[in-house]
Amino acid sequence: MSRRSALLELAILGLLHESPLHGYELRKRLNAVLGAFRVLSYGTLYPCLRGLVTRGWIAEDSTAKSQPGSLSGASGSGSRRGRIVYELTSDGLAQFQSMLSQSGPAAWEDDTFNVHFAFFARTESDVRLRILEGRRSRLEERLDAFRAAAAQRRERLDLYTTELQRHGLESAEREVRWLSELIETERSTAPTTAPTTAPTNTPPQNLKTT
């Protein structure tokens, strides 16, 4: 399985942990809340959902709902279209918590960190700290490489390339400062354990991303 596929599974399980969702609403939230999936298509989402159902991590609840203006087949007649709602199972909850416990490099890279961060409220404190420290270390290494390269090429760069490089450096420096503040907060607060209760039908909470 590719890293992006694993990340999508984590995101789906995390959103369904908050409340059951049908495919349209799930894709909408993945697009709007988790930046890594802003161009997610149904052609990618539904095969992933089918795989999660097959493994028993989520379940389907098919409910018949009237869809105003919906058409069925070539006849164009009105119809009642079934809408499948997906919900997390107990096995899916266990898998979600297992995935949240992973704190290696795959959790702090550019294309994965934001998704892991979005579920920090359900991640154990020591895992949050390791991910934050790993992300900061990775950015600090990148900053050192950028600065060394900039010093070597400074006289050969035009104005716009120089400005682009400066913007990238400043963005990385801001994120390092932000991470340092979060790390200090994690270290200064008592360790907390992520909730282990089964999912409920309570309204989802807003997820924060960087």
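Residues numbered from 1 in each chain as written. Predicted model: local features only at pLDDT ≥ 70, side-chain atom pairs only at ≥ 80, totals over all residues. Heavy atoms only, no water.

Asker: Explain the packing of aromatic side chains to me, please; I cannot follow it from the model alone.
Answerer: The relative placement of two aromatic rings is captured by the distance of their centres and the angle of their planes. If you walk through the whole model with that rule in mind, you get six aromatic pairs. Taken together, a centroid distance of 5.7 Å and an interplanar angle of 35° make the contact between Phe113 and Phe117 tilted. Highlighted residues: Phe113 and Phe117, both in helix α5 (residues 113-118), separated by four residues, approximately one helical turn. Chaining the aromatic ring pairs together yields one cluster made of Phe113, Phe117, Phe120 and Trp178. One Lys or Arg, Arg27, reaches over the ring of Tyr42 and ends 4.5 Å from the middle of that ring. (Phe/Tyr/Trp six-rings, centres within 6.5 Å; stacked < 30°, edge-to-face > 60°. Helix = DSSP H or I, 4+ residues; strand = E, 2+ residues; numbered from the N terminus. Lys NZ or Arg CZ within 6 Å of the ring centre and 35° of its normal.)

Asker: Could you clarify how one ought to interpret the packing of helix α6 (residues 125-153) against helix α7 (residues 159-188) in this entry?
Answerer: Geometrically, a packed helix pair is captured by the angle between its two axes and the distance between the axes. Running from amino to carboxyl end, α6 crosses α7 at an angle of 155°, the nearest separation of the two axes being 9 Å. In terms of orientation, α6 lies roughly antiparallel with respect to α7. Crossing geometry of α6 relative to α7 is assigned as left-handed. Partitioning the contact of α6 with α7 into residue classes produces 12 nonpolar, three polar and 11 charged. (Axes fitted to C-alpha atoms, helices over the stretch in contact; angles between N-to-C directions. Parallel < 35°, antiparallel > 145°, perpendicular 65-115°, else oblique. Left-handed = near helix turned anticlockwise from the far one by under 90°. Nonpolar A, V, L, I, M, F, W, Y, C, P; charged D, E, K, R; others polar.)

Asker: Help me out: how do you make sense of the nonpolar core in this one?
Answerer: For soluble globular proteins, nonpolar side chains are generally found buried alongside one another. Ranked by internal contacts, the top residues of the largest apolar core, which has 27 residues, are Ile12, Leu13, Leu16, Leu26, Leu30, Phe37 and Ile58. When residues of this core are traced back to their parent elements, those giving at least two are α1 (3-18), α2 (23-33), α3 (42-54), β3 (80-88) and α4 (90-100). Sorting elements by how many residues they give to this core places α1 first, with eight residues. Excluding residues that lie within four positions of it along the chain, Ile58 makes contacts with Leu13, Leu16, Leu49, Leu52, Val53, Tyr86, Glu87, Leu88 and Thr89. The next biggest cluster of nonpolar side chains, apart from the first, holds 15 residues, and it includes Phe113, Ile131, Leu143 and Val176. (Core = buried A, V, L, I, M, F, W, Y, C linked by side-chain atoms within 4.5 Å. Buried < 20%, exposed > 50% of the residue type's maximum accessible area, 1.4 Å probe, protein only. Contact = heavy atoms within 4.5 Å.)

Asker: Where do I start with the environment of Tyr46 in this structure?
Answerer: Position of Tyr46 relative to the elements: it lies in helix α3. Along the primary structure Tyr46 and Gly23 are separated by 23 residues, whereas in three dimensions their C-alpha atoms are 7.6 Å apart. In this structure, Tyr46 is in contact with Gly23, Tyr24 and Tyr86, ignoring residues within four places of it in sequence.

Asker: Is there a simple way to explain the environment of Arg27 in this structure?
Answerer: As for its position among the elements, Arg27 is in helix α2. For Arg27 and Leu45, which are 18 residues apart along the polypeptide, the C-alpha to C-alpha distance reads 7.3 Å. Excluding residues that lie within four positions of it along the chain, Arg27 makes contacts with Leu40, Ser41, Tyr42 and Leu45.

Asker: Teacher, can you tell me more about the packing of α1 against α3 here?
Answerer: One way to put it is that α1 packs onto α3 with a least axis distance of 11 Å and a crossing angle of 75°. Accordingly, the angle class assigned to the pair α1 and α3 is roughly perpendicular. Of the residues in α3, those touching α1 at Leu8, Glu9, Ile12 and Leu13 are Thr44, Leu45, Cys48, Leu49 and Leu52. Among the residues making up the contact of α1 with α3, the classes are represented as seven nonpolar, one polar and one charged.

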